[in-house]
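Geometric and topological summary
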Amino acid sequence: MAKHIEVRDLNIYYGSFRAVRDVSMTIHPCAITALIGPSGCGKSTYLRALNRMHELVPAARVEGEVVMDDQDLYAPGMDPVEVRKHVGMVFQRPNPFPTMSVYDNVAAGLRLNHGRMRKSEMDGIVEESLRGANLWEEVKDRLDKPGSGLSGGQQQRLCIARAIAVKPDVLLMDEPCSALDPISTHAIEDLMAELKENYTIVIVTHNMQQAARVSNYTGFFNIGGTGEPGELVEIDETPKIFSTPAHTSTEEYISGRFG
Amino acid sequence: MAKHIEVRDLNIYYGSFRAVRDVSMTIHPCAITALIGPSGCGKSTYLRALNRMHELVPAARVEGEVVMDDQDLYAPGMDPVEVRKHVGMVFQRPNPFPTMSVYDNVAAGLRLNHGRMRKSEMDGIVEESLRGANLWEEVKDRLDKPGSGLSGGQQQRLCIARAIAVKPDVLLMDEPCSALDPISTHAIEDLMAELKENYTIVIVTHNMQQAARVSNYTGFFNIGGTGEPGELVEIDETPKIFSTPAHTSTEEYISGRFG
Amino acid sequence: GAANEQNSAGDGSGLSGTLDGAGASSQEAAQQAWRAAFSDKHPDLTINYAPIGSGGGRERFVSGATDFGGTDAALEGEELSGAKERCGGLVELPVYVSPVAVAFNLDGVDELKLRPATIAKIFDQKITQWNDPEIVETNPDVELPDTQITPVNRSDESGTTENFVDYLSTAAPEAWPHEVSGNWPVPGGEAAKGTSGVKNAIDAGQGTIGYLDASQVGELGTVAVGVGEEFVSYSPEAAAKVLDVSERKENQGEHVFAYDLARDTQSSGTYPIVLVSYGMACTDYDDSETGKLVRSYFEYLLSEEGQQKAAEAAGSAPISQGLRQKLRPAVEAIGSGG
Amino acid sequence: MTKTGQNTVQGPSTYKRPADRIFRGITTGAGVLILLVLAGVAVFLLAEAWPAFTAPASEIPGEGGLVVYIWPLVFGTLLAATLALVVAAPLAVLIALFITHYAPRRIAQFLGYVIDLLAAVPSIIYGLWGFTVLAPATLAPTGWLADNLGFVPLFAGPASTTGRTMFTTVLVLAVMILPIITAVIREAFLQTPKLYEEASLALGATRLEMIRMAVLPFGRSSILSGSMLGLGRALGETMAVAIVLSASGGVTFNLISSGNPATIAANIALEFPESSGVAIDTLIASGLVLFAITLIVNMIARAVINRRTDLSGAS
Amino acid sequence: MSTPTETRPTSADTEPPRDRTRLVRGSLPRWAPWATLAGAALLAAVPTVVATGFSLIFFALCLALCYVAGIFLWSRSVEGTRKAADRAFTAVVTSAFALALTPLVSVVITVVSKGVQRFDTEFFTHSMRGVVGAGGGAYHAIVGTLITSGLATLMSVPIGLCTAIYLVEYGRGRLARGITFFVDVMTGIPSIVAGLFAYALFTLVFGPGTVNGFSGAIALSVLMIPIVVRSSEEMIKIVPDDLREAAFALGTPKWKVILRVVLPTAVAGISTGVTLAVARVVGETAPLLIAAGTTASTNFNPFSGQMATLSVFSYYEYASPGVPPEPYLERAWTAALTLMAIVMVLNLLARSFSLLFAPKTRS
Ligand SMILES: Nc1ncnc2c1ncn2[C@@H]1O[C@H](COP(=O)(O)OP(=O)(O)OP(=O)(O)O)[C@@H](O)[C@H]1O
Ligand SMILES: Nc1ncnc2c1ncn2[C@@H]1O[C@H](COP(=O)(O)OP(=O)(O)OP(=O)(O)O)[C@@H](O)[C@H]1O
Ligand SMILES: [Mg+2]
Ligand SMILES: [Mg+2]
């Protein structure tokens, strides 16, 4: 079931360095929200805060609220594991488990969340996920080979397949198509379009065309200057952002006249 | 000094699996050669063979010739280290040294190869390289912080800075802009245009516009089918490839009507 | 350098250099006392004694690795001929005699009187209760509990074991059917390493009994051993007497004083369970200076003062005046080249 | 396009620059040196043990011949070392996990240091500690075991009155080998790339599941290496066993009585000082056997490791 | 919003039916672990008192067992199997650590309480030369220990590290497999055999009776090398290939890649391994007695004359004490305490050394 997410006054710190400042936004269910912005402005940092992933970075710290269907993910007593079960994630750097085969990589999440499952059923979901990520044809003969022997783009698609196999309510994707050729990119975009019928999707992308093509909402992050925290400049419906943005910096960034 | 490279009948294997078949091409000096093709078709594999990087993968094996200014890189007695000194590389996955600071990462190549160098001279080169990679502004205040604490795009630019700091004759770049926003991408493209005055550059990219924009020559790689090796379909001057390619598959791929 | 080594200005005693010795660990405490006192007199002289054990001591002495040696068992067979080959003339002398006490841990009991055969049966695990009639018979005044006896023996091969077993098999041959060697022959008892190990094991258990160097007995109860019709408690004097009543082995060499100890002696006031440890030296040394040093050292350890020092520091039994007289010529032969 | 020639380059290249050649030479030399040292030890053992193999049975201590002499020792060695490893290895994995993934980050490093402290304790001290502290503490439990679980061969009894049993020895050995196993595993766990931990957590894994998916597979080789180091140490441990164990019996699985088989290393330490002649040769022969045991144990371990190497890989 | 008609593929034994709309399913209150601990303590007290009187160790074991079981069952009924397993495992891991601390604390208390008596200036400034009974010190043995283990470390670390490098970076084929294998075998050499080997070697080369500090160091090296090789090998192995590639691509010769990139990345693990190896040999007795001998005087020259070491000193003070035994035993314990202190200091040094190079992950 797609979720509605309400972010309020989110501040994220690495030690004493504030990486993201005062972000408030609404993430709509059954829609794709794209986040764009220059490199280093805190998009990944922000995205990781949405499923409490930053907790793995020793000095990282989050202030503010992320309310998902009336529940604050950062409320005391919230279980990050439960949060992450509902909010899946594809990382910027592909990270298939090197000790697992291609098949096991995809099945990893299923094995966790569904305990025993019939082999045939599992096979079905694995194939479906790999097809969704447009990887099936390339790996169907070597499902039992290690996932680290794939090409860069293949690894990225493998990670996408792994994330969608567990069917999370919210899917966070950090530059999912960065290492992909146009064909695979297209396939992934199709997949996203299909997924958004039932899920909430947030993607980070550097590709304006992609943002314009697939997303319903677009948020623009920017950074004040060196050492300054990144902040959300504006977020609105995609056509609006790309045609008549409220801020000049947005317009400059989109049109490439920036910096 | 820019180098001319002549590749003849190159076959590359991972164990018994042939990843790349019979590639022959000429890489012109003082020019940018772009390699495009669907994911998994062997572009990275091929690129790595140009500076004998594949030797680090245990089962990998190369047959054929790569002649650089009359010297076969694979001739017996060739020193791979010498080869790599002349042929620099930026990898698909950013890999800054975690034990080193940002400064040391950029200086690494210089330190490792040029022995002692005056501090001021070193500082100069580091700054120049970071400026070239459009990273200087973002990191100038934290040159002594670890390189692994950077954002994805920052890491990628750091690796570019590291590679150009040693001023190789040939520069191989595997999707150097995949994680970069348009601004940084633009800066890197400018850098390439500048570098090609003196160097030979080969880039792998999934971005057709980029290939069309920056390169002088474009090579299209494709794969016959699942489990088949990748091969070079054609290579020619960029305008020619993008306007009147010789093969239909090229045209289909470029126009996105492929697969 | 160490604070206590700095005043080695040399007070003209004339002796300087280093002497290396190795051998029985039973002598370690005594050797420590000897070399301390001796190097007090001769500050430029360093004497080392590595307590690597009798076997190693003999081997190193025979191979010429050490200047002198210590051993709990006299040289025999190949080793004897090897030593003679190395030395020209071998000098082997008892230097250290120590009573071996039979000690036990039994609440409220300080001393028991036991006959050799009873001791043998206890250690052979034939008598298993403290209130066994055989024990009660010789100790009518002691209230013996109904506790199980846990015999404690050395787990390592040792001169103490060899001497104790030798005593049992000589003094109570019917009750002790086992072969004599440095290894404890009866399986299943409590085995502990070294004198300290045995002491601790006896301390730790209830109803334990074992044998150990008398100097380490501490608070434990001890056995007065049946000799003839009387019972003799261990004491240095009683122990030293054994050597006086024992026979020197024949035909071993002019300066070899190895003894067949008279464990079954009936002679009054003699404590028969003793460990005799020998010192080994040569008449010929490659370097006559070394010979001189060894001779003075041995002269010192067989002097009245030397024996007294060992008694204080290690609890050994000083060798009697008479015996020391007998050993004199042998000591003088050390390093004499004859 | 003329085919002027085909070169096949495979694996490390044929050319080596001088500095590289020297460096490679040095490292290879170090490896070969180790083999030489080991060959030296083996030759030494063989040469010194030879007389024991040829000597008549009656000259071997105990007069039963070499096999009769060494067999209980082999049994004791294997029993003590295996049980110690069985106790220590899982514990080491848990401790390494605690330090790397459970303890608060601030004190984790300190805790690692604390465990390393266990390695700083000389083996004699372990012996004395086992003797004076641990052994008395085992009296009650072993007594209980003998009374209530006596039908299990391991606890057949009668329970020792001093506690200097195989049971105590195993515990002491386990404590001794714990730090080295823990240290090797801990360092490997620390190096687990964050990438993979994040990957599993993002799938909704609990900490335990993350450990099973990302940490343990990554550290598998180190767990085995660490355990092998620990086992080696347990097999060869001398002084602590010599002091703690009441070695006065033959082959028995009974862990709690005072009659226990000795271990080879401890037996050498116990017998060597006062031995001479064939007895020494026999002891050295037992050392040779220990050498062979280690060899076989390692062969088995290697076989286990190699069975599943295809899916491991650090990068 | 679970609709009764919808049948999801969740089996009852793994989780209670999953309500997709709620994030927080039943979860234990924050005080749950403490409550469980208290309950477990009560429960554990019963068998402890009944079966064994009162033994702290037994009680701790029962407590751990009860706690793990208790928290598992409680959590399972409220939070589901996975969460319960996680909680139980946390408890297991924590009690394993506590369990490992028990002997440590006990050993340290034993050694410190017995060793502190003679932990005085005299002990550290005097040798045993000319000392009988009370007094004296271990100056000579401390010097000897530092020299012999220092030499052993100087020999073993380069050899061991080089071998580890060879195995990971160069080793292919028979030689490498052979070395790996025999290094493992080497870990099982009993220490006394190493001592005998060194003694035999020196007798062979320098004539009978060559017992000196260097010979002792050789014996220790035989014991140290395999530990250094094994632990360094593991640490070098887990350096990601990414980093090697990055360095190679800069045209760096292999040896420099290894020295400048691989080793610094692995240095923390390597120095831990080295300290453990040192700790392992510094307390050895038998090999040192045989190969390095013992003396009551200070000897600074490892190539001539016997050399006392702390462990040997400690052992023989303990094993053959004089009369009365107390001063000997006190010296033995203090020597052991000193030994531990030395290793601790070494450990600290190694840690600060590795901090100099360690990955700069924290800023
Ligand atoms: N280390 C390896 N071991 C085995 N097979 C490999 C390895 N690396 C790559 N391959 C295979 O070789 C083929 C070519 O891979 P390569 O990485 O060259 O693709 P690519 O063209 O760079 O793709 P991408 O655009 O996704 O990076 C793929 O089928 C891949 O699975
Ligand atoms: N682990 C870390 N420790 C310290 N600082 C960090 C860490 N990770 C990121 N940062 C800093 O936080 C800021 C935001 O980083 P983030 O990764 O969120 O950027 P991004 O918007 O995702 O950029 P990109 O498009 O390059 O991936 C950057 O200045 C970066 O250097
Ligand atoms: Mg990012
Ligand atoms: Mg690629």
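From a predicted model like this one, the values you see are computed outputs, not experimental measurements.

Focus: the overall build of chain A
Helix and strand counts for chain A stand at ten helices and ten strands. In terms of overall size, chain A behaves like a compact globule, its C-alpha atoms giving a radius of gyration of 18 Å where 259 residues would be expected to give roughly 18 Å. Projecting the C-alpha coordinates of chain A onto the three principal axes gives extents of approximately 55 × 45 × 30 Å. Counting the 259 residues in chain A, one finds 63% classified as buried. Residue pairs at least 24 apart in sequence account for 65% of intrachain contacts in chain A once pairs closer than 6 positions are excluded. For chain A, the computed accessible surface area is about 9100 Å², with 48% contributed by carbon and sulfur atoms. The positive charge centre, built from 26 side chains, and the negative charge centre, built from 35, are 6 Å apart in chain A.

Quick notes on the sheet that holds strand E6 (residues 87–90) of chain A
Hydrogen bonds along the backbone pair up the strands of a sheet, which may run parallel or antiparallel. All names here are of chain A. Strands sit in the order E5-E4-E1-E2-E10-E9-E3-E8-E7-E6 across an open sheet of ten strands; the sheet is mixed. Each having just a single partner strand, strand E5 (71–72) and E6 make up the two edges of the open sheet. Across seven bridges, the pairing between strand E9 (residues 217–223) and strand E10 (residues 230–237) is antiparallel. Paired with Asn 222 across the bridge in E10 is Glu 231. Packing of helix H6 (residues 152–165) onto the sheet brings it into contact with E6 and strand E7 (170–174), and relative to E6 it is tilted by some 175°. Strands strand E3 (32–36), E7 and strand E8 (200–204) of the sheet are contacted by helix H7 (residues 182–195), whose axis makes an angle of about 150° with E8.

Re the site of ligand 1
Residues in close proximity to ligand 1 total 21 residues, the closest being Ser 151 and Gly 153 of chain A together with Ser 39, Ser 44 and Thr 45 of chain B. The side chain of Gln 154 of chain A places a nitrogen or oxygen atom 2.9 Å from an oxygen atom of ligand 1. Within the side chain of Gln 92 of chain B, an N or O atom sits 2.9 Å from an oxygen atom of ligand 1. Out of a free accessible area of 630 Å², ligand 1 has 87% covered by protein chains. Contributing elements (two or more residues each) for the shell around ligand 1: H6 of chain A together with strand E2 (17–27) and helix H1 (43–50) of chain B. Considered class by class, the residues forming the shell around ligand 1 number six nonpolar, twelve polar and three charged.

Regarding the coordination of the magnesium ion (ligand 4)
Surrounding the magnesium ion (ligand 4) are the protein donor atoms Ser 44 of chain B (OG) and Gln 92 of chain B (OE1), at 1.9 to 2.3 Å. One end of the pair, Ser 44 of chain B, is in helix H1; the other, Gln 92 of chain B, is in the loop between strand E6 (87–90) and helix H3 (102–114), with 48 residues separating them in the sequence.

Some words on helix H6 (residues 194–202) of chain D
In an α-helix, one turn spans 3.6 residues; hence positions three or four apart end up facing the same way. Residue and element names in this part refer to chain D. Of all the nine residues making up H6, eight are buried; the element is thus mostly covered by neighbouring parts of the structure. Those residues of H6 not exposed but buried are Leu 195, Tyr 196, Glu 197, Glu 198, Ala 199, Ser 200, Leu 201 and Ala 202. Within two residues after H6, Gly 204 carries a phi angle of roughly 90°, on the positive side.

Thoughts on the packing of aromatic side chains
Summed over the entire model, instances satisfying the criterion amount to 34 aromatic pairs over all chains. Plain terms: the ring middles of Tyr 49 of chain C and Phe 68 of chain C are 6.3 Å apart, the flat faces sit at 20° to each other, and that makes the pair stacked. With a gap of 19 residues between them, Tyr 49 of chain C in strand E2 (residues 45–50) and Phe 68 of chain C in strand E3 (residues 68–71) connect regions that are remote in the sequence. Comparing Tyr 49 of chain C with Phe 68 of chain C, the two get one shared label, buried. Seen in terms of ring centroids, Phe 214 of chain E and Phe 303 of chain E are 5.1 Å apart; in terms of plane orientation they differ by 45°. Their pairing is tilted. Placement of the pair is Phe 214 of chain E in helix H8 (residues 213–237) and Phe 303 of chain E in the loop between helix H11 (286–291) and helix H12 (310–319), with a sequence separation of 89 residues. The class for Phe 303 of chain E is exposed, based on a relative accessible area of 55%. The structure contains a cluster of three or more aromatic residues connected by ring pairs, namely Phe 38, Tyr 49, Phe 68, Tyr 297, Phe 298 and Tyr 300 of chain C. Across the ring face of Tyr 13 of chain A, the terminal group of Arg 61 of chain A is positioned such that the distance to the ring centre comes to 4.3 Å.

Concerning the site of ligand 2
Taken together, 21 residues sit near ligand 2, with Ser 39, Ser 44 and Thr 45 of chain A together with Ser 151 and Gly 153 of chain B positioned nearest. Neighbouring residues of ligand 2 are not confined to a single chain but are spread across chains A and B. Contact distances for ligand 2 include 2.8 Å between an oxygen atom and a side-chain N or O atom of Gln 92 of chain A. Contact between ligand 2 and Gln 154 of chain B: an oxygen atom at 2.8 Å from a side-chain N or O atom of the residue. Contact with the protein chains covers 89% of the free accessible surface of ligand 2, which is 630 Å².

Things to note about the pairing of strand E10 (residues 230–237) of chain B
Residues and elements named next belong to chain B. Both E2 and E10 contribute to a ladder of two bridges, which runs parallel. Paired with Arg 21 across the bridge in E10 is Glu 231. Linking strand E9 (residues 217–223) back to E10 in an antiparallel pair, the connection comprises six residues, with Gly 227 at a positive phi of about 75°.

Description of the interface of chain A and chain D
Counting from both sides, the interface comprises 31 residues of chain A and, opposite them, 23 residues of chain D. Taken over both partners, the interface formed by chain A and chain D buries close to 2300 Å², and the fraction arising from carbon and sulfur atoms is 67%. Summed over the three residues of chain A that lose the most area to chain D, namely Leu 56, Thr 99 and Leu 112 of chain A, the buried surface amounts to 29% of that side. The tally of links between chain A and chain D comes to one salt bridge. Ionic pairing is found between Glu 198 of chain D and Arg 48 of chain A, a salt bridge with its closest N-O pair at 2.8 Å. Connecting chain A to chain D are two residue pairs in polar contact (both at pLDDT 80 or more). Where the side of chain A that touches chain D is concerned, the elements lending two or more residues are helix H2 (80–86), E6, helix H3 (102–114) and H6 of chain A. Per element, the largest residue contribution to the side of chain A that touches chain D is four residues, and it comes from H3 of chain A. Looking at the side of chain A that touches chain D residue by residue, the classes come out as 17 nonpolar, six polar and eight charged.

Remarks on a negative patch on the surface
All names here are of chain A. On the surface, Glu 128, Asp 190, Glu 194 and Glu 197 cluster together into a negatively charged patch. Structurally, the position occupied by Glu 128 is in helix H4 (residues 119–132). Judged by its relative accessible area of 48%, Glu 128 falls in the partly exposed class.

Let's talk about helix H3 (residues 105–120) of chain D
With 16 residues, H3 of chain D extends 24 Å between its outermost C-alpha atoms, agreeing within 8% with the 22 Å of an ideal straight helix rising 1.5 Å per residue. Looking only at H3 of chain D, the buried set comprises Ala 108, Leu 111, Gly 112, Tyr 113, Val 114, Ile 115, Asp 116, Leu 117, Leu 118, Ala 119 and Ala 120 of chain D.

Considering the interface of chain D and chain E
Each side of the interface is counted separately: chain D has 92 residues, and chain E has 88 residues. Counting the surface lost from both chain D and chain E, the interface buries some 8300 Å², and carbon and sulfur atoms represent 77% of this. Contact with chain E buries area across many residues of chain D, yet Phe 23, Ile 34 and Tyr 113 of chain D alone supply 8% of it, more than any other trio. Linking chain D with chain E are 18 residue pairs in polar contact (both at pLDDT 80 or more). Looking at the side of chain D that touches chain E, the element that brings in the most residues is helix H1 (residues 18–54) of chain D, giving 19 residues. Its residues assigned to classes, the side of chain D that touches chain E shows 63 nonpolar, 19 polar and ten charged.

Cut-offs used in this document
Residues numbered from 1 in each chain as written. Chains lettered and ligands numbered in written order. Predicted model: local features only at pLDDT ≥ 70, side-chain atom pairs only at ≥ 80, totals over all residues. Heavy atoms only, no water. Helix = DSSP H or I, 4+ residues; strand = E, 2+ residues; numbered from the N terminus. Rg over C-alpha atoms; globule rule 2.2 N^0.38 Å. Buried < 20%, exposed > 50% of the residue type's maximum accessible area, 1.4 Å probe, protein only. Contact = heavy atoms within 4.5 Å. Areas by Shrake-Rupley, 256 points an atom, 1.4 Å probe, with all protein chains shown as cover. Lys, Arg positive; Asp, Glu negative; His and termini not counted. Charge placed at Lys NZ, Arg CZ, Asp CG, Glu CD. Pairing = 2+ DSSP bridges. Axes fitted to C-alpha atoms, helices over the stretch in contact; angles between N-to-C directions. Near = heavy atom within 4 Å. Polar contact = N/O pair within 3.5 Å; in protein donor to acceptor, adjacent residues only side chain to side chain. Nonpolar A, V, L, I, M, F, W, Y, C, P; charged D, E, K, R; others polar. Donors = N, O, S within 2.8 Å, 3.2 Å for Na, K, Ca; no water. Phe/Tyr/Trp six-rings, centres within 6.5 Å; stacked < 30°, edge-to-face > 60°. Lys NZ or Arg CZ within 6 Å of the ring centre and 35° of its normal. Buried area = accessible area lost by both parts, 1.4 Å probe. Salt bridge = Lys/Arg side-chain N within 4 Å of Asp/Glu carboxyl O. Patch = residues over 30% accessible without salt bridge, like charges linked within 9 Å, V, L, I, M, F, W, Y side chains within 5 Å. Expected span 1.5 Å × (residues − 1).

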